[in-house]
Each structure stands twice: as structure tokens, then as C-alpha cells.
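Report on the structure
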Amino acid sequence: MREFKRFIGGEFVDAEDGETFETTNPSTGEAVATVARGGAADVERAVGAARKAFDEGPWPGMKPSERTKVMLDAFERIKDREGEIAELEAADAGHTMRMANLFTIPYSNEYWRHLAELAQRLEYHEPVEDYAFPTPAWDFVLREPFGVCVGIIPWNVPYMMAIWKLAPALATGNTAVLKPATYTPATACALAEILAETDIPPGVVNVVPGSGASAGEALVTDPRVDKVAFTGSTEIGRRIMQLASGTVKKVTLELGGKSANILLDDADLDIAIPGSTWAMYMHQGQICHAGTRLLAPAALYDEVTARLVETVEGLKIGSAMDFESDLGPLINETQFDTVDRYVQVGQDEGAKLLTGGHRITEDGLDAGYFYEPTIFGEVSNDMKIAQEEIFGPVLSVIRYESVEDAIRLANDSIYGLGGAVWSRDIPRALEVAKRVRTGTVWINDYHLVSPAAPFGGYKQSGIGREHGHWGLQEYLQTKYVRVDQVPTREQKFWYQVIGL
């Protein structure tokens, strides 16, 4: 079993009050790691270290190319530990070993590399269009780091979220305090161990696992913090906005979703059916932009549901530590109970349970939180299972009569994070994609996003964007500098205005 301390000011230290907590393997219920529990006092120390590292440097004052070099050296160390991190992610967060090794860990590391390289190509000194009003001047814009940036990340893809918060903050010259979720802090703590061996200066990266009520709220309300980036539920996002407003912090939020996955009547079902299965059941549906609402044309509805059921029932559910498992467990009993409750709600609302809906206990899985991949048919879009984020393996299949109807249904949600359109006619699919009010639309694909492209939500799915130059700009302030070009006092505009 691993032991992780807080990482503050370049040192691994115990919590101020000495408290620790254990994380458990959701496949087995066994302990994975003992972790120092951060609270308000630990946050005070971590923010102080980040503030000092920013105010006294050298990190924010380095040339972008110098920061990039340090981060790329760190990338090589991170790459060397991919296998170890993947195994830890599977044990702590319930990612299947296949998903962790082939997707979430190497995919996350690519974001670190790309954003580190991109940051040195940004325009940090930008001329302003010559505009000699009211008098001639040399005008330009500086882009400068915000300062101390806080990243608060969820439990579902903890390593990826740690990278998504740390890489852009560091690459643009900020210092950072990262708060992993208490359910799954292990890989973020392991990342801190790797970064401690690099040339990133002490205090630039700080990692404090702890609860939202203590560590999280202390971070968001600390006046020394300049920016907060949060990924998690819409409910908690609202709370963070309220808390951050007290000191008018910059806030970016990536929140919940209830994404519509639209099958047009000319979709290639040989691709769209397995693709929709991937869209829904990646990580047991514990993904914010999962395709939880499948919109199927009435003429194909029966075929679509039959083929979905056949595909889903062929998936192998097993321990996350087994490379042969297609799906693993839910994260814990709390999430398991939430999923089970929604399955009952769906039946009470009149939806038809087509498959799944029960706990899996056979084949030695009784100690974990394994839930059958579940499909509901005959779902109306106003049902709770179609409107509320379940965050588990529950798919709602909704019948539509026309493309206009499909677009209306897709947009009938408080969320707007992801979605997809499946069609053999790409121009037609593009027209539908343009009308769906969501931050990301895949066409004949799902889940894959580029580190060079923006990611974020419409409506109550968030504020701001991550990745690419759009994401990096979220970590930079814009300063306008005006150098007056009028040589004498009498020619100054203000001299004439006030009569000096």
C-alpha cells in the first residue's frame, strides 16, 4: 500500500493536524493508499508557498521557451512512469487496466507535452492597430500570468484532470495549488512525486488532497488566490462561483452534462452502435460528456435498441485490474446507490428497462461496486433519467420523428457539454451539429478531443475553455500599455481639456 503526503513548497509533509485517510480499490474494497488529509491550515501553507513562488520568481519571469524546456524535461520523466501510473489509476479510480494503459494515461501525458510546447509560441507582446485618437501613441498589449491558480478536480479521471489543470497554469508562468478529490488522489500525488524530481522550482506546484468543505472552500475564498479552475458537478460549480465572487476571482468551470447522441436515418449502424456504446459506457458512464441520451429515428428505433442490447450484453464486466475487462466498477457505494436509485426512478416514470439494472456479484465481484450496463427504452425527454446527470452506466434511448425533432430534443436540457451526430452524409451531419447548443460535437465518433482544440460547455455545463491556445489564454491576464508620442505639454490632449 502506498503512502502519500502533501506536496507543499517543494517538500512532502504531513497534514498540519496529522490526519490521514485511506483510499480503496472499487474492484475489491481493499486499501490502495494512505493519504495526508489537507484542511484549512494546509491550504494556508500551500497558497503561501505558491504566492511566494510567484511573487519572488523565478518561474513567472522566465522566458516562455525556458519554461517549455523544463516542462518537456518533466514530460520525459512522466513518460517513463506511465505503466506505474496506469496501474495506480486502475486500483484507485477503477479505470480498467486496458483503458488506463491505452488511453487515459498516455492521452493525458500528450496534453502536458502539447500545451508546454504551445505556450512558447503564444504572442505575449501584441501590437495594437495604429489609431491616432485622441493623440498619437504607441499602443500594445502584454499577456501576463494571473498568479496563484487553484485546480480543483473530480474523482472520475483524476490523473487526466491533474494534467489538464497543472499543464496550462505552469506553461503560462503561473504557480498552482491542486486539490484532488478524496476518493481518488493517488495518481495526482504520484505526479507530484515525479515533478519534485524536475527543475520546476519549489512552490510552483503544490498538491493538497482534502475535502471540498474544508480544503476546497478555503482555496476558493483565499484572497491570495487569483484564479480557480474547477471540474465537477454543476451544483458544486455554482457554489464555487458564489465563493469566488467575494474576491472577484477569475473562474473557469467544466461542469455536468446530459449529452445527446443523435443517430440520423442514414447512420452506418455497424459503426454507430458500437460507437454509441463507447459514448455511453466508457468508464462505466462516469464521464461528464458521456452520450447518455441516444436519439434514434422512429424508423430505426427497434433495430437500434435490439442491437444496442446485444452489444452491451456482450461486454465483459470485471475487475479493473484485469486487462480483459471491458468495464470495471463504479467508484464507491455512494455512487452505486445513486445509479440504482435512478434505475428505479426510470421504471417508476414508465420507461422500459431493456437490459441491466442490477448489481453484479457473481464471478468473485461481490466485494466491488459492479453494476450492469443498463438501457432504458421508451424514454420521454422530460423524464428525470433524461434530464438529470446520473454519472453511471444508464442509457436513455429516445425516439424522434424528424431531424427538427431531434435537434429540439437535443437542446432541451440545462446542459451543453458534448454530443454527437452519426451519418453517412457529412455535410448533413455538420448542419445538425451547428444547431446543437453544446461545446463539443463529434461526428461519427465520441469522447476523443485534441489538446490543440478548445473544450468546455454551453449553458450550465460551464464557463471558459480548456486546451489549445483558447485554454492557455484563460491563464493569462491582458494588460494594455500606451506610450504617448506627443512631445510637448501644449500638444497634450488633456492640456487642452482642463486648460492647464
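A quick note: this is a predicted structure, and the numbers were derived from the prediction, not measured. Sequence order as written defines residue numbering, which begins from 1 separately in each chain. Reporting in this predicted model follows two pLDDT cut-offs: at least 70 for local features of residues, and 80 or more for side-chain atom pairs to be given and counted; totals over whole chains, interfaces and linings ignore these cut-offs and use all residues. Just so you know, side-chain values use all the structure's heavy atoms and leave hydrogens and water out.

**Focus: the overall build of the protein**
- Put simply, DSSP H or I for four residues or longer makes a helix, DSSP E for two residues or longer makes a strand, and each gets a number counted from the N terminus. The number of helices and strands found in the protein is 16 helices and 23 strands.
- The C-alpha atoms of the protein give 25 Å as radius of gyration, which agrees with the globular expectation for 500 residues (23 Å, within 12%).
- Overall, the protein is about 80 × 55 × 40 Å in size when its C-alpha atoms are taken along their principal axes.
- Relative accessibility under 20% of the residue-type maximum defines a buried residue, over 50% an exposed one, and the middle range a partly exposed one, all with a 1.4 Å probe and only protein chains included. Expressed as a percentage of the 500 residues in the protein, the buried residues total 57%.
- We call two residues in contact when some of their heavy atoms are within 4.5 Å. In the protein, the proportion of contacts linking residues at least 24 apart, taken out of those at least 6 apart, comes to 73%.
- Charge convention: Lys and Arg are scored as positive, Asp and Glu as negative, and His as well as the terminal groups of each chain are ignored. We put the charge of a Lys on NZ, of an Arg on CZ, of an Asp on CG and of a Glu on CD. Once the 46 positive and 72 negative side-chain charges of the protein are each reduced to a mean point, those two points are 6 Å apart. Our radius of gyration is a C-alpha quantity, and the globule rule it is checked against amounts to 2.2 Å times the number of residues to the power 0.38.

**Details of the sheet that holds strand β1 (residues 2-4)**
- Two strands pair under a simple rule: DSSP has to find at least two bridges between them. Across the sheet, three strands lie side by side as β1-β5-β4; this open sheet has mixed pairing. Either end of the sheet is taken by a strand with one partner, and the two such strands are β1 and β4 (20-24). Sheet twist, expressed as the mean angle between neighbouring strand axes with direction ignored, is 25°.
- Both β1 and strand β5 (residues 31-36) contribute to a ladder of three bridges, which runs parallel. Its bridge partner lying in β5, F4 is registered against V35. Whenever a helix is involved, its axis is fitted only over the stretch in contact; in every case the axis is a line through C-alpha atoms, and angles between N-to-C directions fall within 0 to 180 degrees.

**Examining the packing of aromatic side chains**
- Pairs were defined over the aromatic rings of Phe, Tyr and Trp, the Trp ring being its six-membered one, requiring ring centres within 6.5 Å. Orientation was assigned from the angle between planes: stacked under 30 degrees, edge-to-face over 60, tilted for the rest. Counted according to the given criterion, the structure contains 11 aromatic pairs.
- Here the aromatic cluster, defined as three or more aromatic residues joined through ring pairs, consists of F103, Y107, Y111, W164, W278 and F455.
- Note that R341 overlies the ring of Y342, its terminal NZ or CZ placed 4.8 Å from the centroid. Should the NZ of a Lys or the CZ of an Arg lie within 6 Å of a ring centre and within 35 degrees of the ring normal, that charge is described as sitting over the ring.

**What about the pairing of strand β19 (residues 419-422)?**
- Side chains G419 and V421 of β19 all project onto a buried face; the interleaved residues A420 and W422 project onto the opposite face, where all are buried too.
- In this structure, strand β13 (residues 260-263) lies alongside β19, joined through four bridges in parallel fashion. By the bridge assignment, N261 is partnered in β19 with A420.
- The pairing of β19 with strand β20 (residues 442-443) spans two bridges and is classified as parallel.

**Remarks on the packing of helix α7 (residues 212-221) against helix α8 (residues 234-244)**
- At their nearest, the axes of α7 and α8 sit 8 Å apart, and the two run at 40° to each other. Between α7 and α8, the interaxial angle falls into the category oblique. Here the hand of the crossing between α7 and α8 comes out right-handed. Here E217, V220 and T221 of α7 lie close against α8, whose contacting residues are R239, I240, L243 and A244. Note on terminology: angles under 35 degrees are roughly parallel, angles over 145 are roughly antiparallel, angles of 65 to 115 are roughly perpendicular, and the others are oblique. Crossings are assigned a handedness: left-handed for a near helix turned anticlockwise from the far helix by less than a right angle, right-handed for a clockwise turn.

**Some details on the nonpolar core**
- Side-chain atoms within 4.5 Å link the members of a nonpolar core, which is a set of buried Ala, Val, Leu, Ile, Met, Phe, Trp, Tyr and Cys residues. Grouped together as the largest cluster of nonpolar side chains are 93 residues, with contacts concentrated most on W112, L166, L170, L195, V205 and V304.
- When near neighbours in sequence (up to four residues on either side) are disregarded, W112 contacts M71, A74, F75, I78, I163, L166, A167, L170 and L195.
- By size, the runner-up hydrophobic cluster in this structure holds 29 residues, among which are A260, I390, I407 and V421.

**Concerning α8**
- Along α8, the positions that sit buried rather than exposed are T234, G237, I240, L243 and A244.
- Looking at the buried positions of α8, the neighbouring elements they touch are β8 (148-152), α7, β11 (227-231), β12 (250-254) and β18 (415-416).

**Observations regarding the sheet that holds strand β14 (residues 293-297)**
- With respect to topology, seven strands assemble into an open sheet ordered β15-β16-β17-β14-β13-β19-β20, the strand pairing being mixed. Sheet topology places β15 (352-355) and β20 at the edges, where each strand pairs with a single neighbour.

**Some points on the pairing of β8**
- Burial of β8 is extensive: five of the five residues sit out of reach of the surface.
- Side chains V148, V150 and I152 of β8 all project onto a buried face; the interleaved residues C149 and G151 project onto the opposite face, where all are buried too.
- Looking at chain direction, β8 and strand β9 (residues 175-179) are connected through five bridges and run parallel. Counterpart to G151 in the pairing with β9 is L178.
- Whether a crossover is right-handed depends on one test, that the path from the first strand over the helix to the second runs clockwise when the strands point away from the viewer. A crossover connection joins β8 to the parallel β9 through helix α5 (residues 158-171); in handedness this β-α-β unit is right-handed.
- With four bridges connecting them, β8 and β11 associate as parallel partners. Residue pairing in the sheet places C149 in a bridge with K227 of β11.

**Quick look at the packing of helix α2 (residues 64-80) against α5**
- Following both chains from N to C, one finds α2 and α5 inclined at 160°, their axes separated by 10 Å at the closest point. The pairing of α2 with α5 is recorded here as roughly antiparallel in orientation. Two packed elements cross with a definite hand, and for α2 against α5 that hand is right-handed. Judged by residue contacts, R67, M71 and I78 of α2 engage Y159, A167, L170 and A171 from α5.
- Residues that form the contact of α2 with α5 fall into these classes: six nonpolar, no polar and one charged. Side-chain classes follow a simple rule in which Ala, Val, Leu, Ile, Met, Phe, Trp, Tyr, Cys and Pro form the nonpolar group, Asp, Glu, Lys and Arg form the charged group, and the remainder, Gly included, forms the polar group.

**Considering the pattern of salt bridges**
- We define a salt bridge as a side-chain nitrogen of Lys or Arg found within 4 Å of a carboxyl oxygen belonging to Asp or Glu. The full count for this structure, using the stated rule, is 36 salt bridges.
- Between R51 and D226 there is a salt bridge, with its nearest N and O atoms 2.8 Å apart. Placement of R51 in helix α1 (residues 40-56) and of D226 in the loop between α7 and β11 is noted, with a sequence separation of 175 residues between them.
- The exposure class of R51 is buried, given its relative accessible area of 16%.
- Exposure remark for D226: the relative accessible area of 22% places this residue in the partly exposed category.
- Counted as one network, the salt bridges with shared partners bring together R2, R81, E84 and E193.

**A word on the side chain of T34**
- With respect to the element layout, T34 can be found in strand β5.
- Note on T34: relative accessible area 18%, which makes it buried.
- Dropping the residues within four chain positions of it, T34 is found in contact with M1, R2, E3, F4, T20, F21 and E22.

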